[in-house]
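Reading the structure
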Amino acid sequence: MIPSHWYNIVPDLPAPPPPPLHPATRRPVGPGDLAPLFPMELIGQEVSGERFVAIPQEVLDVYRLWRPTPLLRARRLEKALGTPARIYYKYEGGSPAGSHKPNTAVPQAYYNAREGVRKLTTETGAGQWGSALAFACAQFGLECEVWMVRASYDQKPYRRSLMQVYGATVHASPSPVTKAGSRVLADAPDSTGSLGIAISEAVEVAGAGEDVRYALGSVLNHVLLHQTVIGEEALAQLGEAPDVIIGCTGGGSNFAGLVFPFLREKLAGRIDPVIRAVEPAACPSFTRGVYAYDFGDTAGFTPLLKMHTLGHDFVPDPIHAGGLRYHGMSPLLSHMYELGMFEAVSKSQTECFEAGVRFARTEGIVPAPEPTHALAETIAEALRCKESGEAKVILTALCGHGHFDLAAYDRYLSGAMEDFALPQERIDEALARLPG
Ligand SMILES: *Cc1c(COP(=O)(O)O)cnc(C)c1O
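Residues numbered from 1 in each chain as written. Predicted model: local features only at pLDDT ≥ 70, side-chain atom pairs only at ≥ 80, totals over all residues.

The domain boundaries assigned to the protein delineate domain 1 (5–57 + 102–214) and domain 2 (66–98 + 220–420). Distance between the C-alpha centres of domain 1 and domain 2: 21 Å. Across the contact, 46 residues belong to domain 1 and 51 residues belong to domain 2. Of all the secondary-structure elements, those providing two or more residues to the side of domain 1 that touches domain 2 are β1 (5–7), α2 (40–46), α5 (102–114), α6 (128–140), α7 (150–155), α8 (157–165) and α10 (195–208). Take the side of domain 1 that touches domain 2: its biggest share by element is seven residues, from α10. (Domains from an automatic or database assignment. Contact = placed C-beta atoms within 7 Å. Helix = DSSP H or I, 4+ residues; strand = E, 2+ residues; numbered from the N terminus.)

Dropping the structure here:
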């Protein structure tokens, strides 16, 4: 069954997360500061103290296209690994856009349409979020304008086509159509872009338009809230208590969506799983970033967010998991990481693609590059179980399929894929420009 409510973990935490700050006054932002960018209903959800938020009927009607999603046991992978562990994965790739992103795109488009907004702007990395929002806008009669990170725009032309099929306008970012993009292009005409730059461009255009708003695909509390449909379903579907829960983290939304309902049960003392986030070695905000106030975008248009960050103008190497190339992390998850509520590890992309190929050859689904990070750690955990003889129950999030990522699989299979070393100096250099 599709859950009737999203779950808000904030009131269950031992301490509330630090608030976003206005970049000029350095005081907590109020609803009025956010109103040019977001509809009031989403601003309310961003700061909500309610544990459960009812999912509107109009949203449930669209969710029904692909929800509830399956929770599957990876028996053939278990057998191939020779592990006593039981591996379960919650598969979100059956949505129209092929990932978990429509879980929040649909309510975001719905609330904007209900408040009279004409157009939504956004950024997209791998094109997953852009295609999800383009789909959702089409459902509710909204225009959609997307800034797509140049590295992905060039690597993944068919994600751009998918957005255009849904009726969206797509620009490669950095683009000459905004001041923020033009400024980057003036210094670096060959810039491969970053999510931070693309956010600046989308925010700039939304802020300038009367009936134009901005939509973010991850990071913010309301996005994580919407994604909890994943974990609520999984909690009802999984017939046993998980020992380990593993998810990949870009901005943190699919991870939070799966784990928050399980964390509620853990906080209540009913289960006791180890929870582990997996991030790319090329963009390691939890494992090598600092916990500090920083901008969510490169140009510094957004409020200051207290989060694990590599610095707002850090440009990650062009790894194929474009959805994980974000300099920061969800402030809510960052706060919970500081509270010790979960662990984090990082993985290089060749290890991840190896896991992706292994998964495809046993379970049949070709994973998106992002969840191959979770699969690589799931396989590593299952192999540790093989060593120790423990029959742990491992739950992971398979948050999207990789049908638009076959060029990346080609590079892996032909041996042309590289791992990028990330020297400490590059992180230090970007961190030196944190707002004081
Ligand atoms: C966007 C995306 C991610 C990364 O975003 P999160 O907010 O961390 O979930 C991961 N996997 C897929 C398939 C994506 O589309």
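Working definition: the strands of a sheet are paired by backbone hydrogen bonds and lie parallel or antiparallel to each other. The strand order across the open sheet built from six strands is β3-β4-β14-β9-β10-β13, with neighbouring strands paired in mixed fashion. The sheet terminates laterally at β3 (71–73) and β13 (343–347), the two strands that pair on one side only. Recorded for the sheet is a direction-independent mean angle of 25° between the axes of neighbouring strands. Note that strand β10 (residues 274–280) and β13 share five bridges and pair parallel. The residue bridging Ala277 from the neighbouring strand is Ala344, located in β13. Here helix α12 (residues 253–267) sits on the sheet in contact with β4 (86–91), β9 (244–248), β10 and β14 (393–398), set at roughly 155° to β9. (Pairing = 2+ DSSP bridges. Axes fitted to C-alpha atoms, helices over the stretch in contact; angles between N-to-C directions.)

Okay, the site of the ligand next. As a structural note, the neighbourhood of the ligand is formed by 20 residues, with Gln128, Gly250, Gly323, Glu370 and Gly400 the closest of them. Listed by contribution, the elements that provide at least two residues to the shell around the ligand are α6, α12 and α16 (369–388). Sort the elements by how many residues they give to the shell around the ligand and α12 lands first, with three residues. (Near = placed C-beta within 6 Å.)

Two elements in contact, helix α15 (residues 349–363) and α16, have axes whose closest approach is 7 Å; the angle formed by their N-to-C orientations is 85°. Classified by the interaxial angle, the pair formed by α15 and α16 is roughly perpendicular. Facing α15, whose interface residues are Glu351, Cys352, Phe353, Ala355, Gly356, Arg358 and Phe359, α16 presents Pro369, Thr372, His373, Leu375, Ala376 and Ile379. Its residues assigned to classes, the contact of α15 with α16 comprises eight nonpolar, three polar and two charged. (Parallel < 35°, antiparallel > 145°, perpendicular 65-115°, else oblique. Nonpolar A, V, L, I, M, F, W, Y, C, P; charged D, E, K, R; others polar.)

Contact pair α5 / α6: the axes reach a minimum separation of 8 Å and the direction vectors enclose 40°. The angle between α5 and α6 falls in the class oblique. Relative to α6, the crossing made by α5 is right-handed. Taking contact as the criterion, the partners of Pro102, Ala105, Val106, Gln108, Ala109, Tyr110 and Ala113 in α5 are, on α6, Ala132, Leu133, Phe135, Ala136, Cys137, Gln139 and Phe140. Residue composition of the contact of α5 with α6, grouped by class: twelve nonpolar, two polar and no charged. (Left-handed = near helix turned anticlockwise from the far one by under 90°.)

Now for the UniProt feature "domain: Tryptophan synthase beta chain-like PALP" (unreviewed entry) in the protein. Following the UniProt record, one finds the feature "domain: Tryptophan synthase beta chain-like PALP" (unreviewed entry) at residues 65–400. Within residues 65–400, the helical portion is 45% and the strand portion 19%, while the C-alpha atoms at the span's ends are 16 Å from each other. (UniProt positions renumbered as here; feature names shortened; annotations may be inferred.)

For the rest of this paragraph, the subject is the UniProt feature "modified residue: N6-(pyridoxal phosphate)lysine" (unreviewed entry) in the protein. According to UniProt, the feature "modified residue: N6-(pyridoxal phosphate)lysine" (unreviewed entry) maps to Lys101 in the numbering used here. Looking at the element boundaries, Lys101 is found in the loop between β4 and α5. With 30 C-beta atoms counted inside 10 Å, the residue Lys101 sits in the buried group. Once residues within four sequence positions are removed from consideration, Lys101 is found in contact with Gln128, Trp129, Ala132 and Gly217. (Buried ≥ 20, exposed ≤ 12 C-beta atoms within 10 Å, placed from the backbone.)

Judged by nonpolar contacts, the single largest core of 124 residues is most densely connected at Ala109, Leu133, Ala134, Cys137 and Val259. Examining the composition of this core, we find that eight residues originate from one element, α10, more than from any other. Looking at which domains feed residues into this core, each of domain 1 (5–57 + 102–214) and domain 2 (66–98 + 220–420) gives three or more. Setting aside anything within four residues of it in sequence, one finds Cys137 in contact with Ala109, Leu120, Leu142, Glu143, Cys144 and Ala168. (Core = buried A, V, L, I, M, F, W, Y, C linked by C-beta atoms within 7 Å.)

By the element assignment, Tyr214 lies in strand β8 (residues 212–214). Spatially, the C-alpha atoms of Tyr214 and Ser200 are 11 Å apart, while their sequence positions differ by 14 residues. Setting aside its immediate chain neighbours within four residues, Tyr214 contacts Leu37, Phe38, Thr121, Thr122, Ala202, Val203 and Ala206.

Below, the discussion takes up α16. An α-helix turns once every 3.6 residues. As a result, residues three or four positions apart point the same way. If you check α16, its first and last C-alpha atoms are 29 Å apart, about what 20 residues at 1.5 Å a residue would give, namely 28 Å. Among the 20 residues of α16, 14 are classified as buried, and the element is accordingly described as predominantly covered. Looking one or two places after α16, you find Gly389, whose phi comes out positive at around 80°. (Expected span 1.5 Å × (residues − 1).)

Looking now at the pairing of strand β5 (residues 119–124). Counting buried positions over the six residues of β5 gives five, a clear majority of the element. Judged from the six bridges that link them, β5 and strand β6 (residues 143–149) form a sheet pairing that is parallel. The partner of Lys119 across the bridge, within β6, is Glu143. Once you follow β5 into α6 and on to β6, the crossover reads as right-handed. (Right-handed = clockwise from strand over helix to strand, strands pointing away.)

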